[in-house]
Amino acid sequence: MHALGRTILYRLVLGLFSILAVSVVVFSALEFLPGDFAASVLGRSATPETVAAFRQELGLDLPPVQRYLAWIGGLLHGDLGTSFAGRAYTPRPVADIVLPRLGNTLFLAAVTAALATPIALFLGLLAALYRNSRFDRLVNALTLSTIAIPEFLVAYLIILVLAVKFPLFYSMSSLSPGMTLAEKLYLVALPVLTLSFVIVAHMMRMTRAAIIGVLSSPYIEMARLKGTRPWHVIFRHALPNALGPIVNVIAFSLAYLVVGVVVIEVVFVYPGIGQTMVDAVRNRDIPVVQACTLIFAVTYITLNLVADIVAIATNPRLLHAR
Amino acid sequence: MSGDETLLDIRDMRIEGESDGQWNVLVDGVDLTLKRGEVLGLVGESGAGKSTLGLAALGYVRPGCRIASGDIIFDGQDLLRLSDAERCGLRGHRISYVAQSAAASFNPAHALLRQTIETAVQRRLMNAGAARKKAVEQFRELSLPDPETIGRRYPHQVSGGQLQRVMTAMAMHCGPDLIVFDEPTTALDVTTQIDVLASIREAVEAQGIAAIYITHDLAVVAQMAHRIMVLRHGKVVEEASTQRMLDAPQNEYTRSLWAVRELAKPEETTPSSPLLTIEGLDFSYGKGFVKALDNVALTVPRGRTLAVVGESGSGKSTLGRIVAGLNVPTSGRLTFDGAALPPRLEHRNKDLLRRIQLVHQSADTALNPRHTVREIIARPLEVFFDLRGEACDRRTDELLDMIELGPRFATRLPSELSGGQKQRVNIARGIAAGPELMICDEVTSALDQLVQEGILKMLLGLQASLGVSYFFITHDISTVRAIADEVVVMHRGKVVEVGSQREIFAPPHEAYTELLLGSAPQMRADWLTEFLAERGPVARQHAQSTERNGGSTHV
Amino acid sequence: MRADLATKTADTSVRRRSKLLAAAPFAARVAAVIVLIYLLVALFAPLLAPFGEGEVVSEIPYAPPGGAFLLGTDQLGRDQFSRLIYGARNSMGIALATTAISFTLGSLFGIIAATRRGWVDQAISRFVDVIMAIPQLIFALILLSIAGSSIPNLIIIIALLDSTRVFRVARSVAMNVVAMDFIEAARLRGEGLVWIIRREILPNILPTLVAEFGLRFCFAFLTISALSFLGLGIQPPTADWGSMVREASPLIAYGKMSLFIPAVAIAVLTISVNLLVDWFLDKASGLRNER
């Protein structure tokens, strides 16, 4: 157990370090802004004095290390800074803009994950068990195509069929506070379907590869030669060893979800954090962009970290040290 | 356990395997019968179809293979006509299997005992308690250390020789009528192999189980089998009782299976000066590690062969790499042709690099798959002799003649050569540099006997004509006999014994040399019996064997 | 004789290659033809397009297809067909430039890391780890928000980010080759690093790298299309397929499907390239990886 604990601790430290490194990168965003930036944020009415005051407010006159520490300190207290947009008139804290949207995005991601994961694992298992069958080849061609085409094409095809030709759903998923769960689920149906399509394709292919990898090991042949029943071979012999790879697949796909969500939210005008980030980039609202980036990156790193740790914890060589 | 009853009858078996969309014949019309309690040895070189045939005895074919025709009658039932479930019910219970690599064939996720009793418990042949008790009993019979607790361990926690015995226990657990052993000791060192062989033989004999014993080593199978069948290219070459097969093999091919054993290098009578001297050499992988080499001293005579013999973990390859300049010793001195040999590769000049050549064990990884034979052999000529154009081509052709391939092989890629041809090209690249010392690292180990013989003879011929010295690393005693003038026996990083071939093979020996020489199977049917009688039965030896197995690194 | 030899080996390799193509399955051959057509269209766009790239040719926005305007006009009255053709040139050109840069950078550093090992490898690898800890699209967004959207910025940003993936692939395949004994044999001959890379390593990793080039091209192409679709990539009036989808997207609610023309144009290209890569990996090398 000692080696196991040490390995996990090492991974945790590594993850923490990654997050720290990311925060430095994100923080430097402000550093590299072109000189005329303050003027462009404040608009045409800016005078040299107001520009100077703005720079001072951002702390651009302080040394970078001090500013970084202050920024991190703020983050830890939930202070994500102040949005640039309309700051001359009504300054809005970034947290007020981002956090409600984050909730919406998490809702979308959770529903997608709940739908896509079981389907993908099941299809992946089937494709691996019936390798090179007609079913396998069909699924293979379908998933390869899904991965190769742009996400917005999948989205618009789904809109075309399910919202335009057969108007069963709305093509816009404008959630608002106070809706019931059923109403929300109905509204997110199309984005969830689109995301699921893309993610199932990825996850299924990786599941298939992982299971085929395990099934071709000599100990699986040995289990068969020992007369172990087929379902027993799968569940007792293959699955314990495939667990690590499969969790990896899931984490990877969920991490993929984090990115895929940006385009899909824009297509369906979904009030999530991806949409918010795109708008902020367009308006060069740096504090909001920074907050969104951090949220995406931390989610991404955490998911990968969890996958790593599960893979380590299910590895018998580490579980039972020599 | 009555004597004459036929247990297994395989008739006109044809098995095909698919590659690149074509079906090739792997087993071609083989008939095989086995009586109850009889042990049949199945011998052949790589690709002879012996494993495929062995698996067919369980009614099993590997993915990508199919049974084209034939019957497999086991105890009156035609295995091929049974349902999948019925076949599955026979496996592990009445017919079981012991695989070559125990380390890969045990599931890493479960403890050994659980895997041993799995079939019995799943089939409800015994309750879990009885099954466990029986397994422990068998562990004891098979001379495993700590039979009560070894089952709680996981596969990676147990050495290769022990794992192989646990796998035998697993195969015997349900009291089968037939066990197929597929090269169970091939991956083991000889001193480990002998204990595993003895345990398997004792256990199989005691319970009167019939067995098919598959191996490429006729000397091993001679100890185990009543009858031997020789396979080649999927066909039966010869079949006879063990004694007859050894005394009077009818087929030329059968004789070639022990080709290397017939070779013996005549003793050199003329004196020779030392070419390479090693003194007080220590080596460890980084600080705080155990010494991989400990105070090694030896001399390679000019124009002769020094064989460095030892088991895995003895440090023999590391020693070769130090001479080549790939590893840097912690301390010690190397003298080459009267001058100090710089330990680091960077400190050796071009001429020194040329004079010492290393030939790697595996030609598959030593030859760049994207280079033609000509490019491979010509490169040392370009680098060391500045040969270009026609002169270079002419010399390459000469070298190709010297390795008995000829210029027509020049345009081939390594993938278009057989294993033996590749190894010849690998050697030619070394020879092309015109070395004085050639380090040969197990260059014949992975090859079939006949191919080995050819390469050993070629090496001897090259030595006679070029006067090159060999630093020949091997684990195989018959190879030592075939090529060595001087021998160094190594064990766990230390030199155990040094001497001329005659001195080493004649008693008295150091204790380890004795063990090593004694453990190498000989071509006599009663060799193992005599060896054990001399040494005492396995059970009493188990303390000693535990110690050895603990040290082996075969997992 | 030497030259003779060279032609001889070239002959065999040409023979091998042509055999390879002849044995290609139907799908791969179709894919090859499609990719070729795309390349030709991109190359000769000005000759093929009936109107100019940004030319307003009609007073009617969203004119229906037919007549002079094969695919109708867009919201500003520009000819859709001409923009589609110029789009091929712009979208593919930018993606190719991006891939070329990311590829050169990534494979160069990957091979260096694999052959030099030690601290060089550690330093580059850890740096790449940090970059890859942020999802690529998100990273691209934050960089674009700082630098602003222009075509050179777009190319540099995507190329830099994508080079990390090329680095990983190049490093790992090169590592596999470096572990081979023939590299050791070359070192024992005293061969220089450049020779070892050029003659021993490169020929062995080339098939994987060629396949990777195809995949990276698809990825860069899709990322840039996605950014343009989000309005953050290629900016008007430059014609580009991602932007065209975006511009036509409001119409889908009314059942007009013009957005599918550029979207399908993207998909057909990426699927074709993927098919080609798949076949190539299958046939040209044993280095097939399960993606």
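S.K.: Go over the overall build of chain C, please, and point to the residues and values.
M.R.: In terms of regular secondary structure, chain C is built from eleven helices and zero strands. The helix and strand sequence of chain C, counted from the amino end, reads α-α-α-α-α-α-α-α-α-α-α. The buried share of chain C, taken over its 291 residues, is 52%. A total accessible area of about 12,800 Å² is found for chain C, and carbon and sulfur atoms account for 68% of it.

S.K.: An account of the interface of chain C and chain A is needed here, citing residue identities and associated values.
M.R.: Counting residues at the interface gives 40 residues for chain C, matched by 42 residues for chain A. Taken over both partners, the interface formed by chain C and chain A buries close to 3,600 Å², and the fraction arising from carbon and sulfur atoms is 80%. On the surface where chain C and chain A come into contact, there are zero salt bridges. Remark: the boundary between chain C and chain A carries four residue pairs in polar contact (both at pLDDT 80 or more). When contributions to the side of chain C that touches chain A are tallied by element, the ones reaching two or more residues are α5 (118-132), α6 (136-147), α9 (193-229), α10 (241-248) and α11 (260-284) of chain C. With ten residues, α11(C) is the single largest residue contributor to the side of chain C that touches chain A. Of the residues assigned to the side of chain C that touches chain A, the class counts are 28 nonpolar, eight polar and four charged.

S.K.: Before we move on, can you summarise the interface of chain B and chain A with the specific residues and values?
M.R.: Each partner contributes to the interface: chain B provides 28 residues, whereas chain A provides 20 residues. Note on chain B versus chain A: buried area summed over both sides is about 2,500 Å², and carbon and sulfur give 53% of it. At the surface where chain B touches chain A, the tally comes to two salt bridges. A salt bridge links A:Lys226 to B:Glu118; its shortest N-O distance comes to 3.0 Å. Where chain B touches chain A, the interface holds 13 residue pairs in polar contact (both at pLDDT 80 or more). Only α3 (102-105), α4 (112-116), α5 (118-122) and α7 (160-172) of chain B provide two or more residues apiece to the side of chain B that touches chain A. Here the side of chain B that touches chain A takes three residues from α5(B), the largest share from any one element. Within the side of chain B that touches chain A, the residues separate by chemical class into 14 nonpolar, nine polar and five charged.

S.K.: Please give an account of the domain arrangement of chain B that cites residues and values.
M.R.: Residue and element names in this part refer to chain B. Domains assigned within chain B are domain 1 (6-262) and domain 2 (275-517 + 530-548). The distance between the C-alpha centroids of domain 1 and domain 2 comes to 34 Å. Opposite the 22 residues of domain 1 that make contact, domain 2 presents 22 residues. Taking both partners together, domain 1 and domain 2 bury about 1,900 Å²; carbon and sulfur atoms supply 57% of that area. When the area that domain 1 buries against domain 2 is broken down by residue, the three leading residues are Thr 191, Asp 195 and Val 260, summing to 31%. Summed over the shared surface of domain 1 and domain 2, the number is zero salt bridges. On inspection of domain 1 and its partner domain 2, the count reaches five residue pairs in polar contact (both at pLDDT 80 or more). Examining the composition of the side of domain 1 that touches domain 2, we find that nine residues originate from one element, helix α8 (residues 190-207), more than from any other. By residue class, the composition of the side of domain 1 that touches domain 2 is nine nonpolar, seven polar and six charged.

S.K.: I'd love a proper account of the sheet that holds strand β4 (residues 65-74) of chain B, names of residues and values included.
M.R.: Residues and elements named next belong to chain B. Strand order in the open sheet made by the four strands is β2-β1-β4-β5, with antiparallel pairing throughout. This sheet does not close on itself; its edge strands, each paired only once, are β2 (22-35) and β5 (77-78). Pairing analysis gives two bridges linking β4 to β5, with the strands arranged antiparallel. Pairing of Ile 73 across the sheet is with Asp 78, part of β5.

S.K.: Tell me about the confidence of the model for chain B, and name the residues and values.
M.R.: Residue and element names in this part refer to chain B. Scored by pLDDT, chain B comes out at a mean of 90, with 96% of its residues at no less than 70. Considering each helix and strand of chain B separately, the mean pLDDT is smallest for helix α23 (residues 538-551), with a value of 41, and largest for strand β16 (residues 356-359), with 97. Here residues 538-555 is modelled with pLDDT under 50, and outside its nearest four sequence neighbours on either side it reaches 38 contacts, counting other chains as well.

S.K.: Help me get a handle on the packing of aromatic side chains, residues and values and all.
M.R.: Residues and elements named next belong to chain B. Under the defined criterion, the tally for this structure stands at 14 aromatic pairs over all chains. When the ring of Trp 527 is compared with that of Phe 531, the centres are 5.9 Å apart and the planes differ by 40 degrees; the resulting orientation is tilted. One end of the pair is Trp 527 and the other is Phe 531, both in helix α22 (residues 527-535) and four residues apart, which spans about a single turn. For the pair Trp 527 and Phe 531, one class covers both residues: buried.

S.K.: Would you mind going over the sheet that holds strand β7 (residues 178-182) of chain B in detail, with residue names and values included?
M.R.: Pairing between the strands of a sheet comes from backbone hydrogen bonds, and it takes one of two forms, parallel or antiparallel. Residues and elements named next belong to chain B. The strand order across the open sheet formed by six strands is β6-β7-β8-β3-β9-β10, and the pairing between neighbours is mixed. Of all the strands in the sheet, the pair left with one neighbour each is β6 (95-98) and β10 (235-241). The mean angle between the axes of side-by-side strands here comes to 15 degrees, regardless of whether they run parallel or antiparallel. Note that β6 and β7 share four bridges and pair parallel. Note that in β7 the partner of Val 98 across the bridge is Phe 181. With respect to the sheet, α7 is in contact with β6 and β7, its orientation differing from that of β6 by roughly 175 degrees.

S.K.: Kindly report on the packing of helix α4 (residues 80-116) of chain C against helix α7 (residues 151-178) of chain C, identifying the contributing residues and their values.
M.R.: All names here are of chain C. It is at 5 Å that the axes of α4 and α7 come closest, and there the two elements cross at 35 degrees. Here α4 runs over α7; the crossing is right-handed. Its residues placed into classes, the contact of α4 with α7 shows 20 nonpolar, seven polar and two charged.

S.K.: Residue-level account of the pairing of strand β14 (residues 331-336) of chain B, with values.
M.R.: Residue and element names in this part refer to chain B. In this structure, strand β11 (residues 274-284) lies alongside β14, joined through five bridges in antiparallel fashion. When the bridges of β14 are listed, Glu 279 appears paired with Arg 333. As defined by bridge partners, β14 adjoins strand β15 (residues 339-340) across two bridges and the pair is classed as antiparallel. Within the sheet, the bridge partner assigned to Phe 336 lies in β15 and is Ala 339.

S.K.: Please provide a residue-by-residue account of helix α7 (residues 151-165) of chain A, values included.
M.R.: All names here are of chain A. Between its first and last C-alpha atoms α7 spans 20 Å; for 15 residues at 1.5 Å apiece the expected length is 21 Å, and the two agree. Where α7 bends most, the angle comes to about 30 degrees, and this point is Ile 159. Listed as buried for α7 are Glu 151, Phe 152, Leu 153, Val 154, Ala 155, Tyr 156, Ile 158, Ile 159, Leu 160 and Ala 163.

S.K.: Could you give me a rundown of the pairing of strand β13 (residues 305-309) of chain B, with the residues and numbers involved?
M.R.: Residue and element names in this part refer to chain B. Counting buried positions along β13 yields five of five residues, so the element is predominantly enclosed. Residues of β13 alternate between two faces, with Thr 305, Ala 307 and Val 309 on one and Leu 306 and Val 308 on the opposite face, all of them buried. Relative to strand β18 (residues 469-474), β13 is paired through five bridges, and the arrangement is parallel. Looking across to β18, one finds that Val 308 is bridged to Ile 473. Alignment of β13 against strand β19 (residues 486-491), held across four bridges, turns out to be parallel. By the bridge assignment, Ala 307 is partnered in β19 with Val 487.

Cut-off values and rules
- Residues numbered from 1 in each chain as written.
- Chains lettered and ligands numbered in written order.
- Predicted model: local features only at pLDDT ≥ 70, side-chain atom pairs only at ≥ 80, totals over all residues.
- Heavy atoms only, no water.
- Helix = DSSP H or I, 4+ residues; strand = E, 2+ residues; numbered from the N terminus.
- Buried < 20%, exposed > 50% of the residue type's maximum accessible area, 1.4 Å probe, protein only.
- Areas by Shrake-Rupley, 256 points an atom, 1.4 Å probe, with all protein chains shown as cover.
- Contact = heavy atoms within 4.5 Å.
- Buried area = accessible area lost by both parts, 1.4 Å probe.
- Salt bridge = Lys/Arg side-chain N within 4 Å of Asp/Glu carboxyl O.
- Polar contact = N/O pair within 3.5 Å; in protein donor to acceptor, adjacent residues only side chain to side chain.
- Nonpolar A, V, L, I, M, F, W, Y, C, P; charged D, E, K, R; others polar.
- Domains from an automatic or database assignment.
- Pairing = 2+ DSSP bridges.
- pLDDT = per-residue confidence, 0-100.
- Phe/Tyr/Trp six-rings, centres within 6.5 Å; stacked < 30°, edge-to-face > 60°.
- Axes fitted to C-alpha atoms, helices over the stretch in contact; angles between N-to-C directions.
- Left-handed = near helix turned anticlockwise from the far one by under 90°.
- Expected span 1.5 Å × (residues − 1).
- Bend = angle between axes of the 7 residues up to and from the residue.

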